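The lines below spell out each chain.
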Amino acid sequence: MQEELKNIENCAIEDIKGARTSEGIDKVRVKYLGKKGELTKVLRGMGKLSAEQRPVIGKIANTVRENIEGSIASMINSIKQEELDDRLKQEVIDVTMPGKKITLGKKHPITQVMDDLISIFTKMGFKVAEGPEVESVYYNFDALNAAKNHPSRDMSDTFYISDDTILRTQTSPVQIRTMEKTKPPIRIISPGRCFRNDTPDATHTPMFHQLEGLVVDEGITLGDLKGTLEMFAKHFFGEHTKIKFRPHYFPFTEPSAEVDATCFKCSGKGCSLCKGSGWIELLGAGMVHPNVLKNCNIDPEVYSGFAFGMGIDRLAMMKYGIDDIRLFFENDMRFLNQF
Ligand code: PHE
């Protein structure tokens with residue numbers, strides 16, 4: 001039996017030396033030390049030995065097992081090292097290769113102009129307010145004093161989701177949402193997307209951006225509106241910019257005006273941008289209609305306010321001299337990278 005054990009040890013060591021992988025080593029372990037392994041088989045036969053022989057053979061068997069386990073362990077170590085070396089060789093990095101360039105993206109020109117506007121107005125004390133793009137007919141039209149027969153309500157002007165839900169046609173519903181939630185003094189701007197049922201052309205896209213402004217407090221006058229817009233125009237277009245008010249109509253303001261600024265390209269002399277007039281249309285504005293204040297439970301006898309709304313896309317077109325609004329939304333990197 002002693003012979004047999006020595007023999008098993010020798011064979012096992014040979015097998016271990018021949019195993020070149022982790023799986024190979026595992027097979028050897030099972031072959032000799034597993035439940036049906038060769039060493040295990042011999043140990044099972046020990047019951048048949050005499051009482052004197054048993055401890056002697058037992059000791060030898062233990063040594064054999066320890067030797068086999070020891071060489072399995074050291075073989076596993078060297079296989080792991082080899083496998084690691086192999087992997088390192090395969091994954092070798094050539095530090096002399098040129099690196100991958102990470103290109104830094106930039107903001108879309110509309111977002112840049114929107115950020116400019118937000119920065120100008122927040123410096124003047126306005127807070128940014130937001131409202132949903134899917135809006136109720138009540139907030140978009142009724143609460144804003146738009147008569148039931150106002151043409152902007154038409155199917156050909158407005159995207160209806162249901163009879164009383166639409167894609168907002170303007171940012172003005174944010175006026176209502178703000179006045180319902182907060183009591184005066186109110187001083188907010190609300191930039192955001194608007195939607196109108198327009199066929200795309202050089203100056204129209206069915207989705208566009210507006211920035212609304214609203215101030216409500218005691219004693220707010222048209223003079224405050226003019227001062228605010230003049231300050232804005234000078235910041236946005238330059239110190240020499242002048243503005244003028246042209247009478248206009250909006251359901252939710254009274255009186256209402258369209259506001260023009262002196263052309264920033266020719267400083268009012270007349271050029272191709274302003275079509276020779278020296279002025280460019282900037283925005284719509286007016287004093288908040290008493291009915292609108294009443295709709296929001298604000299007493300028009302105590303409070304007054306002004307509102308204005310401008311097209312951000314239009315301002316971006318003017319600022320960058322772009323003659324087709326559709327370019328903004330085609331996502332052509334050659335166009336966008338210029339800003
Ligand atoms: N909402 C108006 C429009 O879309 C613009 C506007 C806003 C006019 C606020 C006056 C006051 O044309």
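Starting from 1, residues in each chain are numbered consecutively following that chain's sequence as written. Reporting in this predicted model follows two pLDDT cut-offs: at least 70 for local features of residues, and 80 or more for side-chain atom pairs to be given and counted; totals over whole chains, interfaces and linings ignore these cut-offs and use all residues. Only heavy atoms go into the side-chain values, all of them from the structure, while hydrogens and water stay out.

Peer 1: Where do I start with the overall build of the protein chain in this structure?
Peer 2: Secondary structure counts use DSSP, requiring at least four H or I residues in a row for a helix and at least two E residues in a row for a strand, with both numbered from the N terminus. Within the protein chain, the regular secondary structure consists of eleven helices and ten strands. To get the radius of gyration, use the C-alpha atoms; to get the globule rule, take the number of residues to the power 0.38 and multiply by 2.2 Å. What you see for the protein chain is a C-alpha radius of gyration of 41 Å, clearly larger than the 20 Å of a compact globule of 339 residues, by over 25%. In terms of overall dimensions, the protein chain has C-alpha extents of about 120 × 50 × 40 Å along its principal axes. In the protein chain, buried positions account for 40% of the 339 residues. Long-range contacts, defined as pairs at least 24 residues apart, comprise 65% of the intrachain contacts of the protein chain with a sequence gap of at least 6. Carbon and sulfur atoms provide 53% of the accessible area of the protein chain, an area that totals close to 19600 Å². Asp and Glu are treated as the negative residues and Lys and Arg as the positive ones, with His and the ends of the chain left uncounted. By convention, charge coordinates are those of NZ in Lys, CZ in Arg, CG in Asp, or CD in Glu. Of the side-chain charges in the protein chain, 45 are positive and 47 negative, and the distance between the mean point of each set is 5 Å. Burial classes follow relative accessibility: with a 1.4 Å probe on protein chains only, a residue under 20% of its type's maximum area counts as buried, one over 50% as exposed, and anything between as partly exposed. Contact definition: two residues touch when any of their heavy atoms are within 4.5 Å. For accessible areas, the Shrake-Rupley method is used with a probe of radius 1.4 Å. Any residue's cover is judged against the shown protein chains and nothing else.

Peer 1: Teacher, can you tell me more about the sheet that holds strand β5 (residues 186–195) here?
Peer 2: Strand pairing requires that DSSP identify at least two bridges connecting the strands. Spatial strand order, β1-β5-β6-β10-β9-β8-β7: seven strands in an open sheet with mixed pairing. For this open sheet the edge positions go to β1 (127–128) and β7 (243–250), each flanked by a neighbour on one side alone. Two strands pair when backbone bridges link them, and strand β9 (residues 279–288) and strand β10 (residues 304–311) are joined in this way by four bridges, in the antiparallel orientation. In the strand pairing of β10, Met287 is matched with Phe306. What counts as an axis is a line fitted to C-alpha atoms, over the stretch in contact for a helix, and the angles between N-to-C directions run from 0 to 180 degrees. Docked against the sheet, helix α8 (residues 222–237) engages β7, β8 (253–262), β9 and β10, running at close to 150° with respect to β9.

Peer 1: Even after reading the chapter, I still don't get the pattern of salt bridges, so can you show me in this structure?
Peer 2: We define a salt bridge as a side-chain nitrogen of Lys or Arg found within 4 Å of a carboxyl oxygen belonging to Asp or Glu. In total, this model carries 17 salt bridges according to the counting rule given. A salt bridge links Asp115 to Lys107, with the nearest nitrogen and oxygen atoms 2.8 Å apart. The exposure class of Asp115 is partly exposed, given its relative accessible area of 30%. Taking the shortest distance from any N to any O, the salt bridge between Asp142 and Arg153 comes out at 2.9 Å. Here Asp142, found in the loop between α6 (137–140) and β3 (160–162), pairs with Arg153, found in the loop between α6 and β3; they are eleven residues apart in sequence, far enough to count as distant. The network of salt bridges with shared partners includes Asp142, Lys148 and Arg153.

Peer 1: Any chance you could explain the pairing of β9 here in plain terms?
Peer 2: As a general feature of sheets, a regular strand has side chains that alternate between the two faces. Across the ten residues of β9, eight count as buried, placing the element largely inside the fold. Of the pairings in the sheet, the one linking β8 to β9 comprises eight bridges and is antiparallel in character. Bridge pairing in β9 places Thr253 opposite Val288.

Peer 1: Would you mind going over the site of the ligand with me for this structure?
Peer 2: Only heavy atoms are used to decide nearness, and a residue is near a molecule or strand if one of them lies within 4 Å of it. Around the ligand, a shell composed of 13 residues is seen, among which Gln170, Ser172, Arg196, Gln210 and Glu212 lie nearest. Side-chain polar atom of Ser172 to a nitrogen atom of the ligand: 2.9 Å apart, as the coordinates give it. Pairs of N or O atoms within 3.5 Å make up the polar contacts considered here, provided that, within protein, one atom can donate a hydrogen while the other can accept it, and that residues adjacent in sequence are counted only when both atoms are side-chain atoms. A distance of 2.8 Å separates an oxygen atom of the ligand from a polar side-chain atom of Gln210. If the ligand stood free it would expose 330 Å²; the protein chains cover 90% of that surface. For the shell around the ligand, the secondary-structure elements that each account for two or more residues are β6 (207–217), β9 and β10. In terms of residue count, the dominant contributor to the shell around the ligand is β10 (three residues).

Peer 1: Whenever I open this one, the nonpolar core confuses me. Can you help?
Peer 2: The definition of a nonpolar core used throughout is a set of buried Ala, Val, Leu, Ile, Met, Phe, Trp, Tyr and Cys residues joined through side-chain atoms within 4.5 Å. Among the nonpolar cores identified, the biggest contains 44 residues, and Phe232, Phe308 and Leu315 are the most heavily contacted of them. Elements with a minimum of two residues in this core: α5 (109–123), β6, α8, β8, β9, β10, α10 (312–320) and α11 (333–336). Once residues lying within four places of it in the same chain are set aside, the contact partners of Leu315 are Val113, Leu117, Phe232, Phe236, Phe237, Leu282 and Met310.

Peer 1: Explain the sheet that holds β3 here, please?
Peer 2: Two strands in a sheet stick together by hydrogen bonds in their backbones, pointing the same way (parallel) or opposite ways (antiparallel). Pairing is antiparallel in the open sheet, where three strands are placed in the order β2-β4-β3. The sheet is open, and its two edges are formed by β2 (134–136) and β3, each paired on a single side. Across the sheet, the mean angle separating the axes of adjacent strands is 35° when strand polarity is ignored. In the sheet, β2 pairs with strand β4 (residues 165–167) via three bridges, with the strands oriented antiparallel. In the sheet register, Glu135 faces β4, and the bridge partner there is Ile166.

Read these as spatial facts, not as claims about activity.
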